[in-house]
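Observations on the three-dimensional arrangement
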Amino acid sequence: MESTLIPDWSELHSDILEYLTSFLSLSDYSRFGAVCQNWFSVAKQKRHPPRQLPWLVMGEDDTTHKRKFYSIDEKKHYLIDIPELRGQRLCGSSYGWLFTMDIELNFRLLNPFTKKCYDLPPLPRYDKYMNTPYVKVSPSDEDYTFADMQLFLVSKAILDCDPSKCSDFKVLITYGSNRELAYWCFGDSAWTLIQGVYAEIDDIIFFKENFYAIGNLCRHNYIYVVNVWPDPKIKRVGPKVPEHDSFSYLVDYMGQLLVVQRWRKELKGGGLIMTKKVIVKTIDLEEENYHEYKPMDGHAVFMGANSCVTVDASKYPRCIKNALYLTDTPLYYNDEFGCKDLQIYNMDQHSFSRYYSFEPYIPFVASPIWFIPNLR
């Protein structure tokens, strides 16, 4: 009788194993490495980024204080012990890095999985009434406490490149009650304020080798290109877009610049503010015009006040094509901020649906944010 040979999967060549890791999500990386020593050594090299939809970074578990991550693909929570995220408000996500701020207003850039961290300089601080920078805020200040300022001092922070791949990265932030702009270049000892913007900034983006900002003024959106180095300046570009009391986002959609305008409304009975309307517009910066953008070529955009990611939905069976995945966004810094307005806007059907079950109020420091893990 002819014997049946059972292959020894532990002896697969490292090149084949490395190729297999290019198809793995972050959770599958752990499972892959648990097979045997050979597979573990390949997984440990982390030569390929996890292939997965963005995770939603949420709050802490009340008992263990581990950080809660939600996989929209698996519809599953992961509790991960990351001490560096305890008590931190997340101000932005770029290239798998998180911008964090603690109760003492220490501002950092952190890769939560490699634990690589950069301490950023003290932030510009704002006077509530005079609208001018000031040096010191006391916890007993009658207008602001440190806890207040942790919530709104930085609205959004973004990078121009992955710090694990480049050593001269730059950071742009919107800060203060009026969402002013400031930037920091690696190696600088302080932030540089950007003057000359009279609109209140809604969103910022790094697009085609430049920083851009969008602000609203007199019921119109204005787009600005922000030059941060070596000569910091800002210039209005492109068309002015009717805004009509929406909150506007900038999206890099496969090399096209989009403006996504989002209208939110308090439902009858109070206490629940939900997105009721979304309009997407394509911006032509050179021709200075715009038009309503309808089809999205099968992609999906994961977006919110502090992060934005575009993915090819055809690679993920559970991802809805031509859809916007929206996170909950407060209208003001002292809004109750929870997991209420977590919706999918289907561009084809012009309809809304939930991707996450309702949760009651959670602290603002636990604001949901989209995040793609970076293992390098």
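So, a few notes on the structure that sits alongside this text.

Moving on to the nonpolar core. Phe99, Phe107, Phe169, Ile173 and Trp191 are the most contacted members of the largest nonpolar core, which totals 25 residues. Among the elements of the structure, strand 5 (97–101), strand 6 (107–110), helix 4 (146–152), strand 10 (154–159), strand 11 (170–175) and strand 12 (180–185) are those that each provide at least two residues to this core. The residues touching phenylalanine 107, leaving out its near neighbours within four places in the chain, are Cys91, Phe99, Thr100, Met101, Tyr118, Asp119, Leu120, Leu123, Val154, Ala157, Ile173 and Trp191. Tyr70, Ile72, Leu342 and Ile344 belong to the second largest nonpolar core, which has 19 residues in total.

By the secondary structure assignment, serine 367 is in the loop between strand 28 (361–362) and strand 29 (369–371). Counting along the chain gives 277 residues from serine 367 to leucine 90, while the straight-line C-alpha distance between them is 7.0 Å.

This paragraph deals with the sheet that holds strand 17 (residues 233–242). Strand order across the open sheet formed by four strands is 14-15-16-17, with antiparallel pairing between neighbours. Looking at strand neighbours, the two that pair on one side only are strand 14 (200–207) and strand 17, the edges of this open sheet. Put simply, the sheet's adjacent strands are angled 25° from each other on average, direction ignored. For strand 15 (residues 210–217) and strand 16 (residues 220–227), the ladder comprises seven bridges, and the chain directions are antiparallel. Paired with phenylalanine 211 across the bridge in strand 16 is valine 226.

Throughout the structure, instances matching the rule amount to 24 aromatic pairs. Centre to centre, the rings of tryptophan 55 and tyrosine 78 are 5.3 Å apart; their planes meet at 15°, and the pair counts as stacked. Here the residue tryptophan 55 occupies a position in strand 1 (residues 55–60), and tyrosine 78 occupies one in strand 3 (residues 76–80), the gap between them amounting to 23 residues. For tryptophan 55, a relative accessible area of 3% translates into the label buried.

Reading the values: the criteria
- Residues numbered from 1 in each chain as written.
- Predicted model: local features only at pLDDT ≥ 70, side-chain atom pairs only at ≥ 80, totals over all residues.
- Heavy atoms only, no water.
- Core = buried A, V, L, I, M, F, W, Y, C linked by side-chain atoms within 4.5 Å.
- Buried < 20%, exposed > 50% of the residue type's maximum accessible area, 1.4 Å probe, protein only.
- Helix = DSSP H or I, 4+ residues; strand = E, 2+ residues; numbered from the N terminus.
- Contact = heavy atoms within 4.5 Å.
- Pairing = 2+ DSSP bridges.
- Axes fitted to C-alpha atoms, helices over the stretch in contact; angles between N-to-C directions.
- Phe/Tyr/Trp six-rings, centres within 6.5 Å; stacked < 30°, edge-to-face > 60°.

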